[in-house]
Every structure is written in structure tokens, then in C-alpha cells.
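# Inside the fold
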Amino acid sequence: MKRRYYPKIHEQVFRNVSEQNMTLDEVFQRIQRFMGSNPIAAYQLVIGTDAQVHAGHTKFITSVVIMRRGQGAWFCYRQIILPREIESLQEKLSLETTYSQEIATYFNDDKRSLLEDIVMPHVYKGAELQLFVDIDAGTDPKRNQTAAFVADMVGRIEAMGLSARVKPEAIVASSVSNRYTKTPYRGRQAAAAK
């Protein structure tokens, strides 16, 4: 039986259905453009990561989504491939949170101020911007095996001065990123052993 060998991949570029190889600076520009097209709106900027274990590797997808409440969204994602099957739920959740934190650190006070400047003149008309990091975990121990780790993961996000959301509100991690983790990595580098 041939066994596939997977490389470790830690992408620094993002993609979506219409664009490839976007740097974080380019992602930020797309977010500014999206918000600037309608500054009198309520926005949520959300970062979330989900992972799926496949044969021989674990695939992580981190998504960045800017949602205009009730009026659409723009999103992109990047992937990380670890060449092993992560069996520990705690390790998988911890890595998901770490990869979200990695991207969240880009949106520092200066970047957030630039985005807030877009909506600030319109706050009395309902404009706002909220930033969240979604954690793919739930608090109900009967429904979620991850419940035991929620406090730790939320604490890590809050220690950064950010707001964390968990299931069922954590839709970016549990729905958007989750959608792209389902397919195993099939890159050119995954070669079959002889």
C-alpha cells in the first residue's frame, strides 16, 4: 500500500473564490474598500480557524471575514498543513486558536483605528465596527467535547485585548473555515511513497 507524504505548509497568503496570493496588507486594503463602499453600516471583522484530520495530515483553515450586517460580506482564507494526524482535541483546538491569534495580531491598534475612521463619522446613523476571534468550541459539555478547554482559549484571546466568540455564535470558525477543511490536501508536494 502506498502512503502519501505531506509537506508542512504554513501559508502567508490568502485567497477566495476570485483572488489568489493576497498578502495581509492586500487583505486589509480589500476590507477598507468593502467598508468604504458603505460607511453607514454595522460591520463585524471576524477571524476564525477550523481544522480537519485527514489520512496522514491535519488541515487548518483560517478565515478573515468582514460582514456588513444584513448586507453581505467579503472573506478570504489561508491554509496550514501539518504532516500528521492530530489526535488530541485539546492540541487541535489550541493550534486553531494560535493560528487565529497569528492573524489577529496583524489587526493592531493602528489598523483598527484606520478601519474605525471609516465608520466614525456615521456612528449616530448606526455605523459601527466590532472585531471578534471565533473559537470552534462550545460551552455545553453534553454537546461539545471542547467545553473543558473554552475558558483557556477565550482567556488567550481576551489577553490580547480582543473579544472571543464560541459556538453557536462562532460562525466564521464553525461554518466558513469548516467548509474549506473538508477536502484533504492534494498539492503537488504530496507524493506517494514507493
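Quick note: structure is the one above.
Residues numbered from 1 in each chain as written. Predicted model: local features only at pLDDT ≥ 70, side-chain atom pairs only at ≥ 80, totals over all residues. Heavy atoms only, no water.

## A few points about the nonpolar core
Selection rule: Within this scheme, the nonpolar core is defined by two criteria: the residues are buried Ala, Val, Leu, Ile, Met, Phe, Trp, Tyr or Cys, and they are joined through side-chain atoms within 4.5 Å. Only protein chains enter the area calculation, which uses a 1.4 Å probe; residues under 20% of their type maximum are buried, those over 50% are exposed, and those in between are partly exposed. Put simply, DSSP H or I for four residues or longer makes a helix, DSSP E for two residues or longer makes a strand, and each gets a number counted from the N terminus. Any pair of residues with heavy atoms lying within 4.5 Å of one another is described as a contacting pair.
With 36 residues, the main nonpolar core has Ile31, Val64 and Phe107 as its most contacted residues. Those elements that place two or more of their residues in this core are helix 1 (24-36), strand 3 (42-54), strand 4 (57-68), strand 5 (73-82), helix 2 (89-104), helix 3 (109-119), strand 6 (128-138) and helix 4 (150-158). A per-element tally of this core places helix 1 first, with six residues. Those residues in contact with Val64 that sit more than four places away from it in its chain are Phe14, Val27, Ile31, Leu45, Val46, Ile47, Trp74, Phe75, Cys76, Ile103 and Phe107. By size, the runner-up hydrophobic cluster in this structure holds seven residues, among which are Ala51, Ile80, Leu82 and Ile86.

## Some thoughts on the sheet that holds strand 7 (residues 163-167)
Put simply, the rule reads: Only when DSSP finds a minimum of two bridges between them are two strands counted as paired.
Sheet architecture is open: six strands sit in the order 2-5-4-3-6-7, paired in mixed fashion. Single-partner strands in this sheet number two, and they are strand 2 (9-10) and strand 7. Pairing of strand 6 with strand 7, which is carried by four bridges, proceeds in the parallel orientation. Its bridge partner lying in strand 7, Phe132 is registered against Ser163.

## Re empty space enclosed by the protein
Formally: Note on definitions: the grid is 1 Å and covers protein atoms alone; a cavity is a set of points where a 1.4 Å probe fits but cannot get out; a pocket is an open set with protein on both sides within 12 Å along at least five of seven lines; lining residues have an atom within 4 Å of a point. Grid points are joined across faces, edges and corners, and a volume is the space filled by probe spheres set on the points. When residues are grouped by polarity, Ala, Val, Leu, Ile, Met, Phe, Trp, Tyr, Cys and Pro land in nonpolar, Asp, Glu, Lys and Arg in charged, and all others, Gly among them, in polar.
Tallying each qualifying case throughout the model produces one cavity of 30 Å³ or more. Within this model, the largest cavity holds a volume of roughly 30 Å³. For the largest cavity, the full set of lining residues is Thr49, Leu93, Glu96, Thr97, Ser100, Asp134, Ile135 and Asp136. Elements represented by at least two residues in the lining of the largest cavity include exactly helix 2 and strand 6. Counting residues per element, the lining of the largest cavity draws most heavily on helix 2, which supplies four residues. Per-class residue counts for the lining of the largest cavity are two nonpolar, three polar and three charged.

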